[in-house]
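Structural description and commentary
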Amino acid sequence: MRRPSLARYAPALTALGQRFRFDAHYYAKNSGFVVVGHVVGFLRGIVTGYLVARLFDQSIYGEYQFMLSIVGMISVLNLSGMPHSVTRAWARGDRFSMRRITLTQFYISAIGSCILFGAIPFLGMYGREELWSLFLVAGILFPLPPIAMVLFGGYTVGLSRFDIALKANFVWSALMMLASLIVVFMHQSSLLMLIVTMSIPSLVYLFFLRRLRPPSDTYETENTRKVVRYAWQLTFATFPSEIVWYIDKLMISHFFGLNQLALFSVAILIPEQAKIFLKQFFPISFAKQAKGGDTMARRRQLFRVVLLGTLLFAVCIALYILAAPWLMPFLFPGYEAKELVLLTSVAAASLITMPSTLLSQYLDAQGLIRHNYRTNWTSAAVFAVLLVWLIPQYGLLGAVLARFGARLTSSVMSWMLLAYHRPTQV
């Protein structure tokens, strides 16, 4: 069988790249891998997202979402900036020690495990003592996902090996779907779903990494220190947004209970899956953004791409909102239709800011850490204020509106900082 080729489309891609001043061949090839990967991810999402949300008992699904929120919030202690820092180093061709990076990531992640273990004796104070097994398993598995993302994700994205990432994505998606179906139809359990979610992708990534055999401990100590230092800077820059992004679910479970948390999770399920789909394309441009210099010409080109993307998003969002009144009751008949349609429509509208994520990614790729601080800290502060203000007054709708406000703040801040501050190069 002949391998797929873009040769017949080469003239059109060349003309497109010259017209908009970007490497169309590079993006077409790697976007193809990402699209195929998302087809697999879409099938996985139907099983692990839709079927679990629809067929799980509402209280069990609420427990599962509550635990994911706790793990997500504590994950900021995983040195969350390390994957981007390692990706940037690979893309720039820097020489560093992967072994030291791995050990650093493990030691930092162990702090999060200790927090999860330490929370178990206090669950009774909040009436959640039945969740002790979830905290125990989450603490044991906690270091796995960040280590897998740093090693496998950093290497494949930094060196644009999206073909290998696609193979790994296919394998862990198949395993996830099989395991999720077993849990859904044979023994519904929030504990088993947590184990499936936290372990399978990480183990598959580490398996593929062993086959890739990237260099581990033969490179310069000083560059390794720089990678770790930049990871800390990125972590500090994104710390507020990483923390507050999970507060809404915790506040909902506190004020309204786990059943309402399940309703909220179902309402944002499709918009969040769309967001995940779109974010899969961003790593393709990250390596290119990291290699080039920061110039005003590159910024202007980025603005044009973001503006075009925003217009396309507006059309897609409008179509989804028009379809929501019949789509959501059909997909989730066990939930109150009127509130579900309203929540999912507002959640979809917040995705209008997704193309602007390329701006914040540009800040990461170019090492514009000061701008990154301002963007993330400001949007996190806005999000926290909106949560405290809106959730007690408007309930679940307040939580969705708060997310919208935070995303809009981040987009506007990134745009203004790149538009009005001088680039590092002429």
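Think of each chain on its own: its residues are numbered from 1, step by step along the sequence as written. Owing to the predicted nature of the model, reporting of local features is limited to residues with pLDDT of at least 70; listing and counting of side-chain atom pairs is limited to 80 or more, with chain, interface and lining totals taken over all residues. Values reported for side chains reflect all heavy atoms of the structure, with hydrogen atoms and water molecules removed beforehand.

A few points about the overall build of the protein
As a reminder of what qualifies: In this description a helix means any DSSP run of H or I spanning at least four residues, a strand means any run of E spanning at least two, and both kinds are numbered starting from the N terminus. Under the scheme applied here, a residue whose accessible area is under 20% of the maximum for its type counts as buried, over 50% as exposed, and between as partly exposed, the area being computed with a 1.4 Å probe on protein chains only. Working rule for contacts: check all heavy atoms of both residues, and any pair within 4.5 Å makes them a contact. Note on areas: these come from Shrake-Rupley sampling with a 1.4 Å probe, and a residue is covered only by the protein chains present in the view.
A count of helical and extended segments in the protein gives 19 helices and 0 strands. Burial analysis of the protein (426 residues in total) assigns 51% to the buried set. If you take every contact in the protein between residues at least 6 apart in sequence, the share linking residues at least 24 apart comes to 84%. Roughly 20,600 Å² of accessible area belongs to the protein as shown, and the carbon and sulfur atoms make up 67% of that amount.

Brief notes about the packing of aromatic side chains
Inclusion rule: Side-chain rings of Phe, Tyr and Trp (the six-membered ring for Trp) are treated as a pair once their centres are within 6.5 Å; stacked means planes under 30 degrees apart, edge-to-face means over 60, and tilted covers the remaining angles. A positively charged side chain is recorded as over a ring if its NZ (Lys) or CZ (Arg) lies within 6 Å of the ring centre. The angle to the ring normal must also be within 35 degrees.
In this structure the tally under the stated criterion is 10 aromatic pairs. Note on Phe 152 and Tyr 205: the rings are 4.7 Å apart at their centroids and 15° apart in plane angle, and the pair reads as stacked. With Phe 152 in helix α7 (residues 144-158) and Tyr 205 in helix α9 (residues 190-212), this residue pair connects regions lying 53 residues apart in the sequence. No difference in accessibility class separates Phe 152 from Tyr 205, as the two residues are buried. In this structure an aromatic cluster arises from ring pairing among Trp 90, Phe 96 and Tyr 155. Over the aromatic face of Tyr 230 sits the side chain of Arg 88, whose NZ or CZ is 4.6 Å from the ring centroid. In this structure, Arg 128 is placed above the aromatic ring of Phe 66, and the distance from its NZ or CZ to the ring centre is 5.7 Å.

Here's the deal with the nonpolar core
Stated precisely, the cut-off is as follows: Among buried residues, those of type Ala, Val, Leu, Ile, Met, Phe, Trp, Tyr and Cys that are joined through side-chain atoms within 4.5 Å constitute a nonpolar core.
With 66 residues, the main nonpolar core has Tyr 61, Met 67, Ile 70, Leu 116, Phe 332, Tyr 335 and Leu 340 as its most contacted residues. In terms of residues, this core owes the most to one element, helix α3 (residues 58-74), which gives 8 residues. Within the second largest apolar cluster, 29 residues are counted, among which are Ile 108, Phe 152, Tyr 155 and Ala 179.

Topic: the confidence of the model for the protein
For clarity, the cut-off: For every residue, the predictor reports its confidence as pLDDT, a number between 0 and 100.
Within the protein, residue pLDDT values average 80, and 81% of them lie at 70 or more. Summarising per-element confidence for the protein, the mean pLDDT is lowest in helix α1 (residues 10-20) (51) and highest in helix α6 (residues 132-141) (94). Here residues 1-9 is a poorly scored stretch, pLDDT under 50, and it has 4 contacts once near neighbours within four places are set aside; other chains count.

Structural notes on the side chain of Lys 249
The test is simple: Positive: Lys, Arg. Negative: Asp, Glu. His and the chain ends are not part of the count. Any Lys or Arg side-chain nitrogen found within 4 Å of a carboxyl oxygen on Asp or Glu counts as a salt bridge.
Checked against the element boundaries, Lys 249 lands in helix α11 (residues 247-256). Buried charge Lys 249 goes without a salt bridge, the closest partner of opposite sign being Asp 248 at 6.5 Å. Once residues lying within four places of it in the same chain are set aside, the contact partners of Lys 249 are Gln 65, Ser 69, Leu 261, Phe 264, Ser 265, Ile 268 and Arg 403.

Re the pattern of salt bridges
Taken as a whole and assessed by the stated rule, the structure comprises 4 salt bridges. The salt bridge involving Arg 403 is made with Asp 248; its shortest N-O contact spans 2.7 Å. With Arg 403 in helix α19 (residues 396-420) and Asp 248 in helix α11, this pair connects stretches of sequence that are 155 residues apart. The two residues Arg 403 and Asp 248 agree in class, both being buried. Between Lys 275 and Glu 272 there is a salt bridge whose closest N-O contact spans 3.0 Å. Taken as a pair, Lys 275 and Glu 272 lie in helix α13 (residues 269-279) at a separation of 3 residues, close to a single helical turn. As far as burial versus exposure is concerned, Lys 275 and Glu 272 are alike and both buried. Through salt bridges with shared partners, a single ionic network connects Asp 248, Glu 272, Lys 275, Arg 403 and Arg 407.

With respect to the environment of Leu 327
On the secondary structure map, Leu 327 appears in helix α15 (residues 296-331). For the pair Leu 327 and Val 341, spaced 14 residues apart in the sequence, the C-alpha separation amounts to 8.7 Å. The contact partners of Leu 327, leaving out residues within four places of it in the chain, are Ile 270 and Tyr 320.

A few points about the side chain of Asn 223
Here Asn 223 shows up in helix α10 (residues 221-244). Excluding its chain neighbours within four sequence positions, the residues that come into contact with Asn 223 are Arg 95 and Phe 96.

Some remarks on the packing of helix α4 (residues 82-92) against α7
What counts here: Helix axes are fitted only over the stretch in contact, all axes being lines through C-alpha atoms; the angle between N-to-C directions runs from 0 to 180 degrees. Helix crossings get a hand from a simple test, with the near helix turned counterclockwise from the far one by less than a right angle marking a left-handed crossing and a clockwise turn marking a right-handed one. Gly is put with the polar residues, along with every residue not named as nonpolar or charged; the nonpolar set is Ala, Val, Leu, Ile, Met, Phe, Trp, Tyr, Cys and Pro, and the charged set is Asp, Glu, Lys and Arg.
Where α4 contacts α7, the axes come no closer than 8 Å and their chain directions differ by 35°. Seen along the crossing, α4 lies across α7 with a hand that is right-handed. Contact residues: Met 82, Pro 83, Val 86, Thr 87, Trp 90 and Ala 91 in α4; Met 149, Val 150, Gly 153, Gly 154, Tyr 155, Val 157 and Gly 158 in α7. Of the residues contributing to the contact of α4 with α7, the split by class is 9 nonpolar, 4 polar and no charged.

With respect to α3
The line we're drawing: Here the expected span of a helix is defined as 1.5 Å times the quantity of residues minus one.
Over its 17 residues, α3 runs 25 Å from end to end, which matches the ideal 24 Å to within 8%, given 1.5 Å per residue. Here α3 lies mainly inside the structure; 13 of its 17 residues are buried.

Examining the packing of α15 against helix α16 (residues 337-349)
Keep this limit in mind: If an angle is under 35 degrees, it is roughly parallel; if it is over 145, roughly antiparallel; if it lies from 65 to 115, roughly perpendicular; otherwise it is oblique.
Where α15 meets α16, the closest approach of the two axes is 9 Å, and the angle between their N-to-C directions is 160°. Taken as axis vectors, α15 and α16 run roughly antiparallel relative to one another. Regarding α15 and α16, the two cross each other, and that crossing is right-handed. Counting all contacts with α15, which are made through Ile 317, Tyr 320, Ile 321, Ala 324, Pro 325, Met 328 and Pro 329, the residues of α16 involved are Ala 337, Leu 340, Val 341, Thr 344, Ser 345, Ala 348 and Ala 349. Broken down by class, the residue content of the contact of α15 with α16 amounts to 12 nonpolar, 2 polar and no charged.

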